[in-house]
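Given next are the chains, with one letter for each unit.
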Amino acid sequence: HGMGAIANGIALHSPGFKSYCATFFIFSDYMRSAMRIAALSGAPTLFVMTHDSIGVGEDGPTHQPVEHLAISRGTPNTYVFRPADTVETAESWEVALTSKTTPTVLALSRQGLPTVRTDHKTKNLSAQGAYVLADAVGRRQAILIATGSEVSIALAARDTLQAEGIGTRVVSMPCMELFAAQDAAYRRRVLPGGPVRVAIEAGVRQGWDQWLLGERGRENKASFIGMSGFGVSAPAEVIYQQMGITADATVAAVKSLL
C-alpha cells in the first residue's frame, strides 16, 4: 500500500514524470486502496502486476489471483492490460506511458509464452482493446476470445477446428476498457453476430458476459473456459490440464454450441 501511495504522489506532484510500481498480482489485495485512489484522483500511475494467473504453479492457490482481473476491471477509470506476448506488452506499455489521467494495470504472466504476433503492424493494435489475431478460413462459425497466456491456447484450438472444417476466428482482447471505448462499428467488425463465441481466460467469468452474450441484449451461443473457484498447487502445465483450460476443452466447447 505504501509503495502504491508513493507512486500516486509522484504522479500527481510531477505531471509528465511517469511513476510505476510492481509486485505479484495477488498482492494487489494490499494495494487496492492506493489503486482506487489513483483511479479516483486521475493519477496515471502504472501498476505492473506479475504472476497473473494459476500459472504461478507450485506457489498454490494463495498466490493464484483468479478474481483479481475482475476486481481491477470493475474499478472505474482504470486500464487493465493482459498482453499475450512481448509485442502486446510493448503496445500496452506505450498506452500506459501516454495516459494522462487514467492509471494502468499491466498483468503479466510468470511462465514463458510464445510470440503470437509475428506479422509487423505499424498500428498499435492493443490500443484498440481487442483485434482479430487470426481470421477464419472458409465460413466463420466460431469466435474464440482470449487474453494473455490463453491466447496461444485459442490459436491451438483454432488449428484443430479449422482442420475439421470449422471456420474459427481468434480475437485477442488485451484491454476490455479500451475495446468498450471504440465505436460500435469497429466492435461489430471484431465480434460480429452469428458465430458461436468462447472466451478463454485463467480467471473468473465476471466481466466477460458483455462480450460473450452481445451488447444488444441478444444472447449469442457462448461459453467460458476459465475458473469458477480457487486453484491448486501444481506445475503450470498440470494445473491448466486439471482446470480444463486447454485447447481440447475449447474445441469441445465450440462443438457443443454448434
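Since this is a predicted model, take the numbers as computed values, not measurements.

Visitor: Describe helix H10 (residues 247-257), with residues and values.
Guide: Taken together, the buried positions of H10 are Ala-247, Thr-250, Val-251, Ala-253, Val-254 and Leu-257. Seen from one end, H10 has its buried residues packed into an arc of 160°, which puts them on one side. With respect to the buried face of H10, the exposed residues turned more than 90 degrees away are Asp-248 and Ser-256. Packing partners of the buried residues in H10 comprise strand S6 (140-146), helix H5 (151-163), strand S8 (196-200) and strand S9 (222-225).

Visitor: So what's going on with the side chain of Asn-124? Residues and values would help.
Guide: Position of Asn-124 relative to the elements: it lies in the loop between strand S4 (104-107) and strand S5 (131-134). Side-chain polar atoms of Asn-124 contact the backbone oxygen of Glu-91, separated by 3.1 Å.

Visitor: Break down the packing of H5 against H10 for me, citing the residues and quoting the values.
Guide: Here H5 crosses H10 at 55°, and the two axes come no closer than 8 Å. As the angle between them shows, H5 and H10 are arranged oblique. The hand of the H5/H10 crossing is right-handed. Where H5 approaches H10, its residues Ile-153, Ala-156, Ala-157, Thr-160 and Leu-161 are matched on the opposing element by Ala-247, Thr-250, Val-251 and Val-254. Here the contact of H5 with H10 is built from residues that sort into 7 nonpolar, 2 polar and no charged.

Calculation notes
Residues numbered from 1 in each chain as written. Predicted model: local features only at pLDDT ≥ 70, side-chain atom pairs only at ≥ 80, totals over all residues. Heavy atoms only, no water. Buried < 20%, exposed > 50% of the residue type's maximum accessible area, 1.4 Å probe, protein only. Helix = DSSP H or I, 4+ residues; strand = E, 2+ residues; numbered from the N terminus. Arc of directions from axis to C-beta. Contact = heavy atoms within 4.5 Å. Polar contact = N/O pair within 3.5 Å; in protein donor to acceptor, adjacent residues only side chain to side chain. Axes fitted to C-alpha atoms, helices over the stretch in contact; angles between N-to-C directions. Parallel < 35°, antiparallel > 145°, perpendicular 65-115°, else oblique. Left-handed = near helix turned anticlockwise from the far one by under 90°. Nonpolar A, V, L, I, M, F, W, Y, C, P; charged D, E, K, R; others polar.

In short, geometric facts, not functional conclusions.
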